[in-house]
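Listed below are the residues making up each chain.
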Amino acid sequence: FIDQFQQLLDAEVDVALSSGGRNLGPMLLAYAGEMIAQGADADAVWAALTSTPARMLGMASNFGQINRGCSGSMILFGGNSPFDASASFQAHKPK
């Protein structure tokens, strides 16, 4: 998968990583961490999880970034990186 991910990025194709509508957030982050461990650029992987999907869905003005007026869930990671699958985390979902 990492090779396909990089080929798409090199071809300037927007790549979004998703859980497929299931509640697999922690597993998706672990998978993203594996991609980085295999050589994927951390910034590209983070964008594929956040800003790229928001832009693809036409929701970039309110989601996919941390700015005043944006809406989204907040996750606080206890490890060295959000891609550390062993790290504890706390989540807050806005009402």
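A short tour of the structure in this document, coming up. Just so it is clear, the structure is predicted and the values come from calculations on it, not from any experiment.

Remarks on helix α3 (residues 42-49)
By the burial criterion, the buried members of α3 are V45, A48 and L49. Down the axis of α3, the sector holding all buried residues measures 100°, keeping them to one side.

Comments concerning the nonpolar core
Grouped together as the largest cluster of nonpolar side chains are twelve residues: I2, F5, V15, L17, L28, L29, A32, M35, A40, V45, A48 and L49. Of all the secondary-structure elements, those providing two or more residues to this core are α1 (2-10), α2 (25-37) and α3. Sorting elements by how many residues they give to this core places α2 first, with four residues.

Focus on a nonpolar patch on the surface
Residues M56, L57, M59 and F63 make up a contiguous nonpolar surface patch of roughly 380 Å² in combined accessible area. Owing to a relative accessible area of 32%, F63 belongs among the partly exposed residues under this scheme.

What counts as what
- Residues numbered from 1 in each chain as written.
- Predicted model: local features only at pLDDT ≥ 70, side-chain atom pairs only at ≥ 80, totals over all residues.
- Heavy atoms only, no water.
- Buried < 20%, exposed > 50% of the residue type's maximum accessible area, 1.4 Å probe, protein only.
- Helix = DSSP H or I, 4+ residues; strand = E, 2+ residues; numbered from the N terminus.
- Arc of directions from axis to C-beta.
- Core = buried A, V, L, I, M, F, W, Y, C linked by side-chain atoms within 4.5 Å.
- Patch = residues over 30% accessible without salt bridge, like charges linked within 9 Å, V, L, I, M, F, W, Y side chains within 5 Å.
- Areas by Shrake-Rupley, 256 points an atom, 1.4 Å probe, with all protein chains shown as cover.
- Salt bridge = Lys/Arg side-chain N within 4 Å of Asp/Glu carboxyl O.

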